[in-house]
Amino acid sequence: MSYEFLQTLWFILIAVLWIGFFFLEGFDFGVGMLLPFLGKRDTERRAIINTIGSVWDGNEVWLLTAGGATFAAFPHWYATMFSGFYLALFLLLVGLILRGISFEYRSKDANPEWRNRFDWMIAIGSFLSALLLGAAFANLARGVPINEKMMFTGNLFTLLNPYGLLGGVTTVAVFLLHGANFLGLKLEGELRTRVNGFAKKLWGVTSVLYIALGIFTYAAGFWARGIVNPGIVPITAVVVLLVAGYFINQKMEGWAFIMVALNIVLTQVTFFSMTFPNVMLSTTNPAYSLTIYNASSSQYTLTVMSIIALIFVPIILAYQGWTYYMFRKRITADKQTLVY
Amino acid sequence: MDPITLSRLQFALTTVYHWLFVPLTLGMGWFVAFMQTRYYQTKDETWRKMSKFWGKLFLINFAIGVVTGIVQEFQFGMNWSEYSRYVGDIFGAPLAIEALLAFFLESTFLGIWVFGEGKVPEKVHLASIWLVAIGSNLSALWILLANGWMQHPVGFVINEANHRAELVNFFALVGNPKGWLFFWHTISDGLLMASFMILAVSGYHLARKQNVDFFKRSFAIASLVGLIASVLVFLGGHTMGQYMYETQPMKFASIEAHWETSQPAAFSILTIGDLTGKREVWSIRILRVLSFLACNNFNCEVKGVNELQQAEAQKFGPGDYIPLMVITYWGFRIMMTFGFMMILMTAYFVWANLRGDIAKAKWMKWLPWALVLPYLANASGWILTEMGRQPWIVYGLLKVQDAVSPNLTTLDLLISLIGYTAVYGSLAVAMVKLMRKYAIAGPDGADHESVDVESETGFGEVLPVGAQD
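Residues numbered from 1 in each chain as written. Chains lettered and ligands numbered in written order. Predicted model: local features only at pLDDT ≥ 70, side-chain atom pairs only at ≥ 80, totals over all residues.

Brief notes about the overall build of chain B
Part 1 of the reasoning: From N to C terminus, chain B includes 14 helices and six strands.
Part 2 of the reasoning: Taken over the C-alpha trace, chain B has a radius of gyration of 24 Å; the compact-globule value for 469 residues is 23 Å, and the two agree within 12%.
Part 3 of the reasoning: By principal-axis analysis of the C-alpha atoms, chain B measures approximately 70 × 50 × 45 Å.
Part 4 of the reasoning: Relative to its full complement of 469 residues, chain B shows a buried share of 51%. (Helix = DSSP H or I, 4+ residues; strand = E, 2+ residues; numbered from the N terminus. Rg over C-alpha atoms; globule rule 2.2 N^0.38 Å. Buried ≥ 20, exposed ≤ 12 C-beta atoms within 10 Å, placed from the backbone.)

So, the overall build of chain A
Part 1 of the reasoning: Tallying secondary structure elements over chain A gives 12 helices and two strands in all.
Part 2 of the reasoning: Helices (α) and strands (β) of chain A occur, in sequence order from the N terminus, as α-α-α-α-α-α-α-α-α-α-α-β-β-α.
Part 3 of the reasoning: Taken over C-alpha atoms, the radius of gyration comes to 20 Å for chain A, in line with the 20 Å a tight globule of 340 residues would show.
Part 4 of the reasoning: With the principal axes as the frame, chain A shows a C-alpha extent of 60 × 40 × 35 Å.
Part 5 of the reasoning: When each of the 340 residues of chain A is scored for burial, the buried share is 59%.
Part 6 of the reasoning: Residue pairs in contact within chain A that sit at least 24 positions apart in sequence constitute 79% of those at least 6 positions apart. (Contact = placed C-beta atoms within 7 Å.)

Quick word on the nonpolar core
As a rule of thumb, soluble globular proteins bury nonpolar side chains together.
Part 1 of the reasoning: Formed by 263 residues in total, the largest nonpolar core has its most connected members in Leu89(A), Leu93(A), Trp54(B), Ala96(B) and Met197(B).
Part 2 of the reasoning: It is helix α3 (residues 81-115) of chain B that provides the largest number of residues to this core, a total of 22 residues.
Part 3 of the reasoning: Shared between two domains, this core takes at least three residues from each, and those domains are domain 1 (7-245 + 325-444) and domain 2 (249-322) of chain B.
Part 4 of the reasoning: Ignoring anything within four residues of it in the chain, the contact list for Trp54(B) reads Met28(B), Phe31(B), Val32(B), Met35(B) and Ile198(B). (Core = buried A, V, L, I, M, F, W, Y, C linked by C-beta atoms within 7 Å. Domains from an automatic or database assignment.)

Regarding the domain arrangement of chain B
Residues and elements named next belong to chain B.
Part 1 of the reasoning: For chain B, the assigned domains are domain 1 (7-245 + 325-444) and domain 2 (249-322).
Part 2 of the reasoning: Taking only C-alpha atoms into account, the centre of domain 1 sits 30 Å from that of domain 2.
Part 3 of the reasoning: Contacts between the two partners involve 13 residues from domain 1 and, on the opposite side, 18 residues from domain 2.
Part 4 of the reasoning: Broken down by secondary-structure element, the contributors of at least two residues to the side of domain 1 that touches domain 2 are α7 (212-247) and α11 (325-355).
Part 5 of the reasoning: Among the elements that line the side of domain 1 that touches domain 2, the one with the most residues is α11, at five residues.
Part 6 of the reasoning: Here the side of domain 1 that touches domain 2 is composed, by residue class, of eight nonpolar, four polar and one charged. (Nonpolar A, V, L, I, M, F, W, Y, C, P; charged D, E, K, R; others polar.)

Focus on the interface of chain B and chain A
Frequently, the measure chosen for interface size is the accessible area removed from exposure when the parts meet.
Part 1 of the reasoning: Tallying the contact residues gives 67 residues for chain B and 67 residues for chain A.
Part 2 of the reasoning: Only α2 (45-79), α3, β2 (164-167) and α13 (410-441) of chain B provide two or more residues apiece to the side of chain B that touches chain A.
Part 3 of the reasoning: Sort the elements by how many residues they give to the side of chain B that touches chain A and α3(B) lands first, with 23 residues.
Part 4 of the reasoning: Split by residue class, the side of chain B that touches chain A holds 38 nonpolar, 19 polar and 10 charged.

Quick notes on the pairing of strand β1 (residues 156-159) of chain B
Residues and elements named next belong to chain B.
Part 1 of the reasoning: By the bridge criterion, four bridges tie β1 to β2 in an arrangement that is antiparallel. Residue pairing across strands places Phe156 opposite Leu167, the latter belonging to β2.
Part 2 of the reasoning: In sequence, β1 turns back onto β2 through a hairpin of four residues, with His163 there showing a positive phi of about 55 degrees. (Pairing = 2+ DSSP bridges.)

Description of helix α10 (residues 305-316) of chain B
Part 1 of the reasoning: Under the 1.5 Å per step criterion, the end-to-end length of α10(B) is 16 Å for 12 residues, consistent within 8% with the ideal 16 Å.
Part 2 of the reasoning: The inward-facing, buried residues of α10(B) abut α8 (249-255) of chain B. (Expected span 1.5 Å × (residues − 1).)

Observations regarding the environment of Lys209(B)
Residues and elements named next belong to chain B.
Part 1 of the reasoning: Here Lys209 lies in the loop between α6 (177-207) and α7.
Part 2 of the reasoning: You can call Lys209 exposed: it has 11 C-beta atoms within 10 Å.
Part 3 of the reasoning: Spatially, the C-alpha atom of Lys209 lies 28 Å from that of Gly190, the residues being 19 residues apart in sequence.

Regarding the packing of helix α1 (residues 3-38) of chain A against helix α6 (residues 112-142) of chain A
All names here are of chain A.
Part 1 of the reasoning: With their axes 7 Å apart at the nearest point, α1 and α6 run at an angle of 140 degrees to one another. Relative to α6, α1 is oriented oblique. The way α1 lies across α6 gives a crossing that is left-handed. Facing α1, whose interface residues are Phe29, Gly32, Met33, Leu35 and Pro36, α6 presents Asp119, Trp120, Ile122, Ala123, Gly125, Ser126, Phe127, Ser129 and Ala130.
Part 2 of the reasoning: For the contact of α1 with α6, the residue count by class is nine nonpolar, four polar and one charged. (Axes fitted to C-alpha atoms, helices over the stretch in contact; angles between N-to-C directions. Parallel < 35°, antiparallel > 145°, perpendicular 65-115°, else oblique. Left-handed = near helix turned anticlockwise from the far one by under 90°.)

Brief notes about helix α1 (residues 3-42) of chain B
Residues and elements named next belong to chain B.
Part 1 of the reasoning: Look at α1: 59 Å from first C-alpha to last across 40 residues, which is about the 58 Å you get at 1.5 Å a residue.
Part 2 of the reasoning: Bending of α1 peaks at approximately 30 degrees at the position of Leu20, with proline Pro23 no more than four residues after it.
Part 3 of the reasoning: One or two positions beyond α1, positive phi appears at Lys43, with a value near 55 degrees. (Bend = angle between axes of the 7 residues up to and from the residue.)

Concerning the confidence of the model for chain B
Residue and element names in this part refer to chain B.
Part 1 of the reasoning: Per-residue confidence for chain B gives a mean pLDDT of 89; residues scoring 70 or more make up 94%.
Part 2 of the reasoning: For chain B, the element scoring lowest by mean pLDDT is strand β4 (residues 280-286), at 76; α6 scores highest, at 96.
Part 3 of the reasoning: In this model residues 454-469 is a low-confidence stretch, pLDDT under 50, and it forms 20 contacts with partners more than four residues away in sequence or in other chains.
Part 4 of the reasoning: Confidence estimates for the predicted assembly give a pTM of 0.92 and an ipTM of 0.91. (pLDDT = per-residue confidence, 0-100.)

Here's the deal with unusual backbone geometry
Part 1 of the reasoning: Of note, the bond from Phe276(A) into Pro277(A) is cis; its omega dihedral lies within 30 degrees of zero at 0 degrees.
Part 2 of the reasoning: Structurally, Pro277(A) can be placed in the loop between α11 (253-275) and β1 (278-280).
Part 3 of the reasoning: That bond from Gln390(B) to Pro391(B) is cis: its omega, 5 degrees, falls within 30 degrees of zero.
Part 4 of the reasoning: Residue position: Pro391(B) is located in the loop between α12 (372-387) and β5 (392-394).
Part 5 of the reasoning: One non-glycine residue, His163(B), lies in positive phi territory at about 55 degrees.

Remarks on the packing of α1(B) against α13(B)
Residues and elements named next belong to chain B.
Part 1 of the reasoning: Running from amino to carboxyl end, α1 crosses α13 at an angle of 20 degrees, the nearest separation of the two axes being 9 Å. When the axis of α1 is compared with that of α13, the two are roughly parallel. Considering how the two elements wind past one another, α1 and α13 form a crossing that is left-handed. Residues Pro3, Leu6, Ser7, Leu9, Gln10, Leu13, Thr14 and Tyr17 of α1 lie in contact with α13, whose contacting residues are Thr410, Leu413, Leu414, Ser416, Leu417, Tyr420, Thr421 and Tyr424.

Details of the environment of Leu9(A)
Residues and elements named next belong to chain A.
Part 1 of the reasoning: Mapped onto the secondary structure, Leu9 falls in helix α1.
Part 2 of the reasoning: Take Leu9: there are 18 C-beta atoms within 10 Å of it, and that puts it in the partly exposed class.
Part 3 of the reasoning: Residues Leu9 and Leu302, 293 residues apart in the sequence, show an inter-C-alpha distance of 9.2 Å.

Here you go:
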């Protein structure tokens, strides 16, 4: 296999890992953010957490794998992005730590204050994570200051530009909606009715934000700066998001979930095709941009990693998919059946 | 403080902290899987309770290992970007493989194990805890192969055009004896750590005559496994020492405060250095033992720190190639002393258990304090192995000072260092509180998956007295 083919393959693989992560952990983040607002009583909150209890950790591994794969396949991308977005990533890690530990610990003590504190940590941790990931990706699309040594020359405030912030807030909104749709599929009774109401309200705000982000991207010229034109993909992303509104109103939860999930997937497809073959655009000088060619590992390493990925990714997909099948039933706010 | 020192401090803090929880995860998974298998085979209720109770402590500990592990993977890029650029072609592979092979396995099946009881077939539920144990130990293998490469780099060439090291032989990386010796030492250490957790908690309950059968059985298993594991830890460590003598002679000499090359070499029982930690003032030594440790031969030559310093300066250019000896020397002695104490203790426990009723032993109430031994031995072992590599981040290839992210400021690092310290500190408080609570509550406390609060109470309202716990 040619070097160029392998570099493209790994770009696609990393894109797939991020898509998987945003699709799966997207609803986990949404569920986490909704938790203290949706659950009025303890059993309700437990029911909400239990909808993602068996899967959130496995979903988060998509992020770890995306990180590890970027390190292995594009060391310069990993090095520049992770050191450049230092404080943002530090806050993301704090967010992920807080929510991860809270899922496990909140129900292990009966003190309502203990539980309430961990519930809020889940919500805040999920919010921080979604906001920062969205802002980071928006900044990747926009470009960041990178010098000729592939070094990021900005700071945290460089990332807090209007486009980055809009990207962050939009991501939060989309994940909230995605989470609400997921909960609509997994809950029963009063909680289900309540979450359907949330989804209705969220849909309007989310659509406005999403369209604004699209217009900003287009107007500011962040569009297709690589060699691929995303074409109708982003338009389809808008359409499915709008169609989701219809299904939400009709209480067709399955279809509503699929539409927003598609929106997330198509957004990521747009992002990755928009930048290709760049992986980090330099606003200092386009010649300093990191691309799949100047940021990648050697051909040998990419070959080895391709073989390993080809063997193990299908196995992982099979057993993770099987887990979702296994836990497909709705969760009731009945203490006997709750775990977390 | 300068960014390099702060980055090193942060790496040390986050890594040692992460490592406080990992060995227990590695070992306890096997115990729980074994207990659940025995229940599956015998349908003896005690086995079921055992797997639930020790499984609960496993989970409380596991959670911290998972969340602090994310930081571990990210901080190579965040704080050590030049390192990541220079060796990413090699070092990234085992990390990515660790995520693909191990993280997915352990996290997915942990979800099934925790949530699947009664929902999935019993066989699947049993298989899932085995897969969790296998997954977490596989993860240890890959990260130790990565670390083994930093200690003893193999299978690579320097690409002068790209200014970096590149992988040319994946099988050399995977077959690196350094990594496999680490793995041997680490998984047996995990079993030893878990044995001591079980012994300590069992001791607490046996001294109070609570659930005597349950804890006697736990004690018997843990003392036997602990004895075997502690001997394996020692043998692995001894073999590692000999390999270290061949591959990292400076680390070996610094661990022993062995200044001058000698044949045969004497083992230091106690060496007092000066305040720089790099000069000897006074020592007591046993003849020839160091030679034996280095090469199983009482008469071989062991190179001293001074000669090695000269040789390294000649090879790599002027500089200080001596690790901070006060840490490597004492780190080794703490690890080794506590390791031997654990061999003797578990041997005595096994013997005492065969001899009579262990529950009547007077020393039982002191047993919880024994937990200090594995925790301190683990921490000092890891510190000495990393500090012993200084000033190198990859031995002979890249120095720590050249590996740090050049864009980070002192302020960036102070924010993250203080932040991690605060978050990790609070996690430890919550974790210790829960561990204590569930350990003291005993098997009946763990039988309900989650304690329930008065569920109709809204948040923020005060519960009636006695409703808590």
